[in-house]
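Structural features, examined
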Amino acid sequence: MSSNTVRRIAALAAATALPAGLLMAGAGAGVASAADPACVQSSHDTKNDWSTVWITHTYDKTVSAAEVAAGTNVTYKIVVGTTSIGNPYVNSITDYPPAGFGAPVSAKVTAYHFAQGQVTEDVTPQTSGDGGWSMNSTGWFVNSGNPVTAEITYKVPDNTAAGTKVTSGGIGVGGTVGVGTGKPGLTSCFNVRAKNPGEAVLGSADGAGAGSAEGQLSSTGSISDVLGDTITRVINNGS
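This section reports on the structure supplied with the text. (Residues numbered from 1 in each chain as written. Predicted model: local features only at pLDDT ≥ 70, side-chain atom pairs only at ≥ 80, totals over all residues. Heavy atoms only, no water.)

**A closer look at the pairing of strand β5 (residues 89–95)**
Filter applied, for reference: Per-residue accessibility, obtained with a 1.4 Å probe over protein chains only, is compared with the maximum for each type, and a residue is labelled buried under 20%, exposed over 50%, and partly exposed between these values. For helices the rule is a DSSP run of H or I covering at least 4 residues; for strands it is a run of E covering at least 2, with both sets numbered from the N terminus onward. Any two strands with at least two DSSP-identified bridges between them are counted as paired.
Among the seven residues of β5, five are classified as buried, and the element is accordingly described as predominantly covered. Pairing geometry for β5 and strand β9 (residues 133–141), over six bridges, is antiparallel. Residue pairing in the sheet places Ser92 in a bridge with Asn136 of β9. Here β5 pairs with strand β12 (residues 171–175) via five bridges, running antiparallel. When the bridges of β12 are listed, Asp95 appears paired with Ile171.

What follows is the structure, encoded as structure tokens:
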């Protein structure tokens, strides 16, 4: 019998032991709710003035999902670009997370490197001293075909109530040729949903050293895969 079959049998057996209410809650949690027009995932802005020599620079901020559970991770993507002939260098991108969020879990920046093209590198954010987290470089090159993209991940606080609308702060950018600016209104919003069964199971297992490091679903997100993964971790940890 293959290991995949064993895992699924174990998962299904565990699933039958779950309370019926939990299984029904999982079915409901899998249905996406209608987008809330008052809670927008993405913001866009531009800058074109004497400081940019009338070259247009663009700024975008997006949150990774419209609905996120408390205790799981959420990622903000910041993109700084230009639509004109300018080629500024960006040497800092600062993200301002929602109030109550802790230090970032991780961050990475994708930027153009000569003779290599777009390259993604892990970075270590530094506190900006004013509530933000800054990613810094000697200079990320930007032109009309090559924006610089920063992605910064945080854990949603465990005590955030389901139904809460969570709105981030804006961004700050430093660099050359007028690209530097503060954009406090460049925000992103998501709704907090209840944890689905997989997240609840893995979140509880974390305390015993058996859960996912990020408290997220498996790659497929199915209950059988989630429980199978959890049981496999428990067996492996006990062996």
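**Notes on the pattern of salt bridges**
Where we set the bar: Put simply, a salt bridge is a Lys or Arg side-chain nitrogen that is within 4 Å of an Asp or Glu carboxyl oxygen.
Inspection of every chain in the model, using the stated rule, returns three salt bridges. Residue Lys61 is joined to Asp95 by a salt bridge in which the shortest nitrogen-to-oxygen separation is 2.7 Å. Within this pair, whereas Lys61 is found in strand β2 (residues 57–63), its partner Asp95 is found in strand β5, the two being separated by 34 residues in sequence. Among the salt bridges present, the one from Asp158 reaches Lys155, with a minimum N-O distance of 3.3 Å.

**Observations concerning the nonpolar core**
Heads up, the rule is: Only buried residues count toward a nonpolar core, which is a set of Ala, Val, Leu, Ile, Met, Phe, Trp, Tyr and Cys residues joined through side-chain atoms within 4.5 Å. By the convention used here, residues are in contact when the closest approach between their heavy atoms is within 4.5 Å.
Within the largest apolar cluster, 31 residues are counted, with the highest numbers of intra-cluster contacts made by Val80, Val90, Ile93, Met135, Val148 and Phe190. In this structure Ile93 touches Ile78, Val80, Trp133, Ser134, Met135, Trp140, Val148, Ala150 and Gly172, once residues within four positions along its chain are discounted.

Honestly, that's just the spatial picture; any functional story needs more than this.
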